[in-house]
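Descriptive structure summary
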Amino acid sequence: STADSLEGCLDCLLQALAQNNTETSEKIQKSGVLQVFASLLTPQSSCTAKVANIIAEVARNEFMRNPCVDAGLIPPLVQLLNCKDQEVLLQTGRALGNICYDSHTLQSQLINMGVIPTLVKLLGIHCQNAALTEMCLVAFGNLAELESSKEQFAYTNIAEELVKLFKKQIEHDKKEMIFEVLAPLAENDVIKLQLVEAGLVECLLEIVQKTVDSDKEDDIAELKTASDLMVLLLLGDESMQKLFEGGKGSVFQRVLSWIPSNSHQLQLAGALAIANFARNDGNCIHMVDNGIVQKLMDLLDRHVEDGNVTVQHAALSALRNLAIPVVNKAKMLSAGVAEAVLKFLRSEMPPVQFKLLGTLRMLIDAQAEAAEQLGKNVKLVERLVEWCEAKDHAGVMGESNRLLSALIRHSKSKDVIRTIVQSGGIKHLVTMATSEHVIMQNEALVALALIAALELVTAEKDLENAQLVQILHRLLSDDRSAPEIKYNSMVLICALIGSEPLQKELQSMAFLEVVSKLRSHENKTVAQQASLTEQRLAVES
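Computed from a predicted structure; not experimentally measured.

1. Examining the overall build of the protein
A count of helical and extended segments in the protein gives 37 helices and zero strands. In terms of overall dimensions, the protein is more spread out than a globule: its C-alpha atoms have a radius of gyration of 33 Å, far above the 24 Å expected for 541 residues. Across its three principal axes, the protein shows a C-alpha extent of roughly 115 × 55 × 40 Å. Looking at the 541 residues of the protein, the share that counts as buried comes to 55%. Summarising the internal contacts of the protein: among those between residues at least 6 apart in sequence, 71% fall at separations of at least 24. A total of about 24600 Å² of accessible surface is found on the protein, and carbon and sulfur atoms cover 51% of it. Of the charged side chains in the protein, 50 are positive and 68 negative; the average position of the first set lies 4 Å away from that of the second.

2. Here's the deal with helix α27 (residues 378-387)
Along α27, the residues classified as buried are Leu380, Val381, Arg383, Leu384, Val385 and Trp387. In this structure, the buried side of α27 is in contact with α24 (337-342), α25 (350-364), α26 (368-375), α28 (394-411), α29 (414-422) and α30 (426-432).

3. Comments concerning the environment of Val381
Along the chain, the position of Val381 falls in helix α27. Sequence separation between Val381 and Leu403 is 22 residues, and the spatial gap between their C-alpha atoms is 9.4 Å. Residues in contact with Val381, not counting those within four places in the same chain, are Leu374, Gly375, Leu404, Thr419, Ile420 and Ser423.

4. Brief notes about the side chain of Arg65
Along the chain, Arg65 falls in helix α5 (residues 65-70). A polar contact of 3.1 Å, which involves the side chain of Arg65, links it to the backbone oxygen of Asn98.

5. As for helix α33 (residues 468-477)
For α33, the complete set of buried residues consists of Leu468, Val469, Ile471, Leu472, Leu475 and Leu476. For α33, the arc enclosing every buried residue in end-on projection is 160°, short of the 170-degree limit, so these residues lie on one face. Next to the buried residues of α33 lie α30, α31 (438-454), α32 (456-465), α34 (483-496), α35 (500-508) and α36 (511-517).

6. Here we look at the nonpolar core
Ile55, Leu119, Phe140, Ile274, Leu322, Leu463 and Leu496 are the most contacted members of the largest nonpolar core, which has 195 residues in total. Considering each element in turn, this core owes the most residues, nine residues, to α31. When near neighbours in sequence (up to four residues on either side) are disregarded, Leu463 contacts Ile426, Val430, Leu448, Leu456, Leu468, Leu496 and Leu502.

7. Observations concerning the UniProt feature "repeat: ARM" (unreviewed entry) in the protein
Those places that UniProt annotates as "repeat: ARM" (unreviewed entry) correspond, in this numbering, to residues 72-99 and 291-323. Secondary structure across residues 291-323 divides into 76% helix and 0% strand, with the first and last C-alpha atoms of the span separated by 14 Å.

Definitions and cut-offs
- Residues numbered from 1 in each chain as written.
- Predicted model: local features only at pLDDT ≥ 70, side-chain atom pairs only at ≥ 80, totals over all residues.
- Heavy atoms only, no water.
- Helix = DSSP H or I, 4+ residues; strand = E, 2+ residues; numbered from the N terminus.
- Rg over C-alpha atoms; globule rule 2.2 N^0.38 Å.
- Buried < 20%, exposed > 50% of the residue type's maximum accessible area, 1.4 Å probe, protein only.
- Contact = heavy atoms within 4.5 Å.
- Areas by Shrake-Rupley, 256 points an atom, 1.4 Å probe, with all protein chains shown as cover.
- Lys, Arg positive; Asp, Glu negative; His and termini not counted.
- Charge placed at Lys NZ, Arg CZ, Asp CG, Glu CD.
- Polar contact = N/O pair within 3.5 Å; in protein donor to acceptor, adjacent residues only side chain to side chain.
- Arc of directions from axis to C-beta.
- Core = buried A, V, L, I, M, F, W, Y, C linked by side-chain atoms within 4.5 Å.
- UniProt positions renumbered as here; feature names shortened; annotations may be inferred.

As structure tokens, then:
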């Protein structure tokens, strides 16, 4: 019968492919048999599984993938994913996977054809079939790399299915395979919450507990994957808040116990988890009241000498976030956080420098005494001036400038200003007034106005050399300058009039004209300040 002879032909092709895949594939392409395959891919046909198997084998060659698409094989293959036969499903999945391998265009096409809900359903139905399960996981892993897949996955019960499957696994390789699907999916906030609700966290905590003291390579890998995934789940606001449970949650308590552990990986994950929990004031206040600061300072102490950058960076991130609520600042300062952080002043690592600066800046916000103490610390101020020149690291440069300005703004102290002048910091504050970020320009102008009001004689020479007057002229003449920039520039001008050389410069650059134009500015505060400034300038001339 024709069915038997067809079957024989297909067996011959499979054998030939097994012996020399590339050569046989070339022959298949030339023979035009691919077009015939499209009509053979029907659920009724007894040889469907073999045809799909041949397509899967052929499509292992890159040069055969487009011919398969051109022969119209994708739609009938996608249709076959709805059939019941496990062998057909397996070969169909392989064929689609190989044809679309590495092609985001083709994978998007599959997503648009609705394969995601179909595959999730298959995973639920055939979870006893190891080969089919693996086929689904490989497909999910490939598709999950595309953003468009995540919205589709979020509408299925993938979270539940994967957690159910995960709980049954004993072998390391199988767990890793599921992890490789979970990680990209967990980047989506809706799926994060679904995974938390499906009980993934308990699985992860259990893995950590089992592997924490092991030195087997597989266990170390699992510990890292599980704790990293835990941190990822805490990046979503809802999933994080659900797991915090007002700080009473067992998950939060378990993660706390990671910080004093001996595993660097767990210390890192623990500190990152705390930084993630510390994303709103309520959580931050609760954690500081419950002694988290000491734990983080102890952790930092263990890494002053060995220079483990990732752990240092994570612990400093956590402290910086915890220092944001006003009520936490004084508590953290009296716990000695500033001193603990300053131990890393010698670090050569930009990420650590960046977090160190951010933490100190958060801590001294409206804390005059701490700002004065730090601002008189010559070692710190000299290091800040050095970092203000770190051209390769814009983040570090910006944070150093902001901290210099903050030390002056929050301390309003003559001693601090003298320290900054002596360390050569003035020119950086003047440059900061030209930043493209309005918030930084303002911070600079307010600090410079304090310098001019409190220590003009000391700073006079540096302000002149940094061409402050020319910069102010530019800020006031530029229509694009924000109203607060114009206002603070004029406040600064009024303070500079007290210096003879600077006042001469103001006169020579015809500031009166620029300022009187601003009297008609649409912003009332700017207009009023312009009138005041005009009077001051007129008196002096």
